[in-house]
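Each chain is listed here by its residues.
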Amino acid sequence: MSAATFEIHLTDEDLTAALRGDVQAGLTASPKSLPPKWFYDARGSELFEKITELPEYYPTRTERALLERVVGEIAQVAQAEVLVELGAGSAAKTRLLLDALTSGGPLKKYVPQDVSVSALRGAADEVAHEFPGLAVHGVVSDFTATLENLPRGGRRMIAFLGGTIGNLVPDERAEFLAGIHDVLEPGEQLLLGAGLVIDPAVLVPAYDDAAGVTAEFNRNVLHVLNARLGANFEPERFEHIALWDAENEWIEMRLEATADMVVTIPELDLTVEFAAGEQMRTEISAKFHRDGFETELAAAGFATERVWTDPDDRFALFLAERR
């Protein structure tokens, strides 16, 4: 077995600088907002894992069941020699792909990418142990800004699973998909998981569970700001809000101040006032129609080869070729 190798394009100092910039911009804007990537410290990651096990939260189990059903077809069509996974995390679902792509297929290398060195190292080492014939090369980076750092060589397939594409607004999605197009060679592929537009009566509870786990996950971004920037947020004084925006076709998560308050952030020399009832957006989770997303892929220079959906049409996997 060969040990996993790593290259680091994102340091803790880089992450702190990005956090400072995002918080300065988001909390001085009107309306206020914070990017969802700052949910994920160790506690936030644990809370999200709990969310994926909740009865209301269908996306993770739906995507996994779909992947289990069609992974053989994906491997047959893709014939990938290199699998690149963006936002790999624990690489749990990726093992389904790796099993299929290495079973008599041409796969030679797995390239997991993530912002977390510790998460990436753990996942990469586990995959290297489970697939001793596979080269594993981890890349520590931010996929929204450093796609050019992904290694080249071999017929690559980039996997972006979990419906994370929905966290990007349309302009960001267009820029992101164009960036993937630019780092791929003609004939290489993108495998992308996306949530579909469904009945809001099913959709909204997935982001506002009865047990309140998602509420704690949402408020965790305030704990992160307290820990990393010395802020004095009182997270329990913010109420979790999840609503369906029918015009934009996305779930929007917000935190609502339950009273007038003043928050100081010493690391930014910033004082922020919240009025009672003021809401701050912390995440969007866009949902898609199959035809509409194929149009977005085409605009970025991809030709859709296959689309698979679950029996209830809640989630889709798109396999697209870079033209």
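Residues numbered from 1 in each chain as written. Predicted model: local features only at pLDDT ≥ 70, side-chain atom pairs only at ≥ 80, totals over all residues. Heavy atoms only, no water.

Taking an unreviewed UniProt entry as the reference, the chain is identified by name as Histidine N-alpha-methyltransferase belonging to Nocardia huaxiensis. According to the UniProt record, the Function (unreviewed entry) comment for the chain is "Catalyzes the SAM-dependent triple methylation of the alpha-amino group of histidine to form hercynine, a step in the biosynthesis pathway of ergothioneine." Of the chain, the UniProt comment under Pathway (unreviewed entry) reads exactly: "Amino-acid biosynthesis; ergothioneine biosynthesis." (UniProt positions renumbered as here; feature names shortened; annotations may be inferred.)

Tracing the sequence through the fold places proline 151 in the loop between strand S4 (135-140) and strand S5 (156-160). Judged by relative accessible area, which is 18%, proline 151 ranks as buried. Taking the C-alpha atoms as reference points, proline 151 and histidine 137, separated by 14 residues in sequence, lie 9.0 Å from one another. Setting aside residues no more than four positions away along its own chain, proline 151 makes contact with Val111, His137, Val139 and Arg156. (Helix = DSSP H or I, 4+ residues; strand = E, 2+ residues; numbered from the N terminus. Buried < 20%, exposed > 50% of the residue type's maximum accessible area, 1.4 Å probe, protein only. Contact = heavy atoms within 4.5 Å.)

Reading across the sheet, the three strands line up as S7-S8-S11 and stay open at both edges, with antiparallel pairing between neighbours. This sheet does not close on itself; its edge strands, each paired only once, are strand S7 (238-245) and strand S11 (279-286). Sheet twist, expressed as the average angle between the axes of neighbouring strands with direction ignored, equals 20 degrees. Where S7 and strand S8 (residues 250-257) come together, eight bridges link them in antiparallel fashion. From the neighbouring strand, tryptophan 244 faces S8, where its bridge partner is isoleucine 251. (Pairing = 2+ DSSP bridges. Axes fitted to C-alpha atoms, helices over the stretch in contact; angles between N-to-C directions.)

Before going further, it helps to examine the sheet that holds S5. Taken in spatial order, the eight strands make up an open sheet running S1-S4-S3-S2-S5-S6-S13-S12, and their pairing is mixed. Of all strands in the sheet, those with a lone pairing partner are strand S1 (5-8) and strand S12 (302-309), marking the two edges. Each strand of the sheet is rotated relative to its neighbour by a mean of 20 degrees, with strand direction disregarded. As judged from the four bridges shared by S1 and S4, these two strands associate in the parallel manner. Bridging from a neighbouring strand, glutamate 7 pairs with valine 139 of S4. Where helix H3 (residues 59-78) meets the sheet, it contacts S5, strand S6 (189-195), S12 and strand S13 (315-322), and its direction lies at approximately 30 degrees from that of S13. Packing of helix H9 (residues 290-299) onto the sheet brings it into contact with S6, S12 and S13, and relative to S12 it is tilted by some 155 degrees.

Another point: the domain arrangement of the chain. Accessible area lost on assembly of the parts is the figure often given for the size of an interface. Considered domain by domain, the chain is made up of domain 1 (27-55 + 206-286) and domain 2 (58-199 + 289-322). The C-alpha-based centres of domain 1 and domain 2 are spaced at 28 Å. Each partner contributes residues to the interface: domain 1 has 15 residues there, and domain 2 has 14 residues. Counting each side, the surface lost to burial between domain 1 and domain 2 is near 990 Å², with a carbon and sulfur contribution of 48%. (Domains from an automatic or database assignment. Buried area = accessible area lost by both parts, 1.4 Å probe.)

Here the idea is simple: oppositely charged side chains can pair when their charged atoms come close. Per the stated rule, a full pass over the model turns up 19 salt bridges. Put simply, arginine 20 and glutamate 267 hold a salt bridge, and the shortest N to O gap is 3.5 Å. Taken together, the residues span a long stretch of sequence, with arginine 20 in helix H1 (residues 12-27) and glutamate 267 in the loop between strand S9 (261-265) and strand S10 (270-274) at a distance of 247 residues. For glutamate 188, the salt bridge is made with arginine 156, and the minimal N-O distance between the two is 2.8 Å. A residue pair is termed long-range when its members are at least 10 positions apart, and glutamate 188 in the loop between helix H6 (170-183) and S6 and arginine 156 in strand S5 qualify at 32 residues. One salt-bridge network, in which partners are shared between bridges, spans Asp22, Lys37 and Asp142. (Salt bridge = Lys/Arg side-chain N within 4 Å of Asp/Glu carboxyl O.)

Turning to the packing of H3 against helix H4 (residues 94-102), a few remarks are in order. Close contact between H3 and H4 brings their axes to 9 Å; oriented N to C, the two are set at 20 degrees. In terms of axis orientation, H3 runs roughly parallel to H4. At the point where H3 passes H4, the crossing takes the right-handed sense. On the side of H3, the interface is formed by Arg64, Leu67, Glu68, Val71, Ile74 and Ala75, while H4 contributes Leu96, Leu97, Ala100 and Leu101. Its residues assigned to classes, the contact of H3 with H4 comprises eight nonpolar, no polar and two charged. (Parallel < 35°, antiparallel > 145°, perpendicular 65-115°, else oblique. Left-handed = near helix turned anticlockwise from the far one by under 90°. Nonpolar A, V, L, I, M, F, W, Y, C, P; charged D, E, K, R; others polar.)

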